Each structure stands twice: as C-alpha cells, then as structure tokens.
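Survey of secondary and tertiary structure
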Amino acid sequence: MDQLGTPGKLMDERMGHEDGSVQARYSHVAPSMRTQLLDGLTALWTAALDGRLMMAPAPRWLCSTGC
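This one's a predicted model, so the numbers in the text were calculated from it and none came from an experiment.

Here is what the cut-offs are and how they apply
Residues numbered from 1 in each chain as written. Predicted model: local features only at pLDDT ≥ 70, side-chain atom pairs only at ≥ 80, totals over all residues. Heavy atoms only, no water. Helix = DSSP H or I, 4+ residues; strand = E, 2+ residues; numbered from the N terminus. Buried < 20%, exposed > 50% of the residue type's maximum accessible area, 1.4 Å probe, protein only. Areas by Shrake-Rupley, 256 points an atom, 1.4 Å probe, with all protein chains shown as cover. Patch = residues over 30% accessible without salt bridge, like charges linked within 9 Å, V, L, I, M, F, W, Y side chains within 5 Å. Salt bridge = Lys/Arg side-chain N within 4 Å of Asp/Glu carboxyl O. pLDDT = per-residue confidence, 0-100. Polar contact = N/O pair within 3.5 Å; in protein donor to acceptor, adjacent residues only side chain to side chain. Contact = heavy atoms within 4.5 Å. Lys, Arg positive; Asp, Glu negative; His and termini not counted.

Overview of the overall build of the protein
- Summing up its helical and strand segments, the protein has three helices and zero strands in all.
- Looking at the protein as a whole, 10% of its 67 residues are labelled buried.
- Of the roughly 6200 Å² of accessible surface on the protein, 61% is carried by carbon and sulfur atoms.

This is the structure we're talking about:
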C-alpha cells in the first residue's frame, strides 16, 4: 500500500488498526519508493527550470524590432 501511495489513515483503517503505531513500526522504504520520489522531484525541478526560461526576456541582440 505504501508503494501505491495510500494515505496512512486509509492503510490503518484497511488493516483494522486504531492508530498509526503499527504502521510506523513495521513500514519500510522500498527501492521503488526512492525511484518514484526521485522521478517526482526531477519532474518538479525540470518544470521549474522550464518556467524560468519562459519568463526570461529575450536578449536584445535576438530582437531586431526591439521586443
């Protein structure tokens, strides 16, 4: 369920636990979770860089009409 991104409260409910203490004790990080995190952070970083390029004004030498 961790790898599916299931919220903790929903996992507790599904497994019949009253609180998150069991989940906190027995959950672990899987290699696919690290990969998913890295992919997500890379996508956000790339989008931020792309957005920055879109906002940057064109260099004067590139504009012959004075944009």
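Observations concerning a nonpolar patch on the surface
- The grouping of Leu-37, Leu-41 and Leu-44 at the surface amounts to a nonpolar patch, some 320 Å² of accessible area in total.
- As for its placement among the helices and strands, Leu-37 is situated in helix α3 (residues 31-55).
- The class for Leu-37 is exposed, based on a relative accessible area of 53%.

Here's the deal with the confidence of the model for the protein
- For the protein, mean pLDDT is 80; residues scoring 70 or higher make up 85% of the total.
- When mean pLDDT is taken per element in the protein, α3 scores highest with 88 and helix α2 (residues 21-26) scores lowest with 72.

Re the side chain of Thr-6
- Along the chain, Thr-6 falls in the segment before α1 (8-15).
- Polar side-chain contacts of Thr-6 include one of 3.1 Å to the backbone oxygen of Met-1.
- Those residues in contact with Thr-6 that sit more than four places away from it in its chain are Met-1 and Met-11.

Things to note about the environment of Arg-34
- Turning to its location among the elements, Arg-34 is positioned in helix α3.
- Of the residues examined, Arg-34 reaches a relative accessible area of 55% and is grouped as exposed.

A short note on the side chain of Asp-12
- Within the element layout of this structure, Asp-12 appears in helix α1.
- No salt bridge is formed by the buried Asp-12, whose closest oppositely charged neighbour, Lys-9, lies at an N-O distance of 5.6 Å.
- The residues contacting Asp-12, other than those within four sequence positions of it, are His-17, Asp-19, Gly-20 and Gln-23.

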